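Chain by chain, the residues run as shown.
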Amino acid sequence: MKKTKNLCSPAHALYLKRRRRENIAVQAARAGLLLLLLGVWELVARLELADPFIISSPSRIAKVIGSLAADGSLFYHIGTTLWETLAGFAVAVIAGTAIALLLWWSERARRVLEPYIVVLNALPKIALGPVIIVWFGAGAPSIVFMTVLVSIIVATMHMLEGFLSTDKNKMLLLASMGAGRRQMLTKLVLPSALPAFIGMLKISVGMAWIGSIMGEYIASKAGLGYLIVYGGQVFRLDLVMAATAILCLLAAGMYALVALAEKLLLRRR
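Since this is a predicted model, take the numbers as computed values, not measurements.

Peer 1: Could you give me a rundown of the overall build of the protein, with the residues and numbers involved?
Peer 2: Helices and strands together make up the secondary structure of the protein, namely 12 helices and 0 strands. Starting at the N terminus and ending at the C terminus, the protein contains elements arranged as α-α-α-α-α-α-α-α-α-α-α-α. Relative to its length of 269 residues, the protein is extended, with a C-alpha radius of gyration of 24 Å against a globular reference of 18 Å. Taking the principal axes of the C-alpha coordinates as reference, the protein spans close to 75 × 65 × 35 Å. Relative to its full complement of 269 residues, the protein shows a buried share of 33%. For the protein, the accessible area works out to roughly 16,900 Å², and carbon and sulfur atoms hold 69% of it. Measuring between centres, the 28 positive side-chain charges of the protein sit 16 Å from its 13 negative side-chain charges.

Peer 1: Give me the environment of Lys263: which residues, what numbers.
Peer 2: Among the structural elements, Lys263 can be located in helix α12 (residues 237-268). With relative accessibility at 57%, the residue Lys263 sits in the exposed group. In the structure, Lys263 is positioned 65 residues away from Ile198 in sequence and 9.9 Å away in space, judged by C-alpha atoms.

Basis of the calculations
- Residues numbered from 1 in each chain as written.
- Predicted model: local features only at pLDDT ≥ 70, side-chain atom pairs only at ≥ 80, totals over all residues.
- Heavy atoms only, no water.
- Helix = DSSP H or I, 4+ residues; strand = E, 2+ residues; numbered from the N terminus.
- Rg over C-alpha atoms; globule rule 2.2 N^0.38 Å.
- Buried < 20%, exposed > 50% of the residue type's maximum accessible area, 1.4 Å probe, protein only.
- Areas by Shrake-Rupley, 256 points an atom, 1.4 Å probe, with all protein chains shown as cover.
- Lys, Arg positive; Asp, Glu negative; His and termini not counted.
- Charge placed at Lys NZ, Arg CZ, Asp CG, Glu CD.

Here it is in structure tokens:
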């Protein structure tokens, strides 16, 4: 039996063609804007319209990155920060989702703990830095804990909001059909919270990077945050800007992976 292909109408084909052109135009505009900004930055530094020592320049940043790569320290520092960030991200996402599930399951627990969650979210986490160092020592465990501390409350609140926003009419319908709490969770609440979960992942990416760099500011002997602190202390601003640029690339790459996972999950859904 021959397989038949789904043929779209001419109008729909024209619409898809326009969408592809629009996407290409947007991507080209993004790349052009980035190149323009880098070019202006380089020109300002070369013409010394601003002090190159203060603002650095793309060429100087590239030179620093090249020197770090040549002596092998670049990949060591990137690996250190990336491991700390991914570990804290994974723990925060898993624990935050589990806590949100428990709070959704028990309304009494949610009413008791909600004020404390709000207070913890508003607490400046960096104020706990000295305490964290005493607890875990100056090293990777402290940085991972700081990453989790910064990310977990946001993850919990975002997922709890997603669970609670489940359509009440559908829940009443399942209840009228004799469905229990567990069945409601697996058949309705979790599937409907998938967009909230994806949104939580996107937010947690940024929070995890913030937490890991904060932790490296406080207690680290390696990592991109360490390079930023060290560069500021010895007035090597090119090093500071180079580490910051690498952070931007890594954060963008991690966000792109989450966006790709979103497309795959929504396609399967």
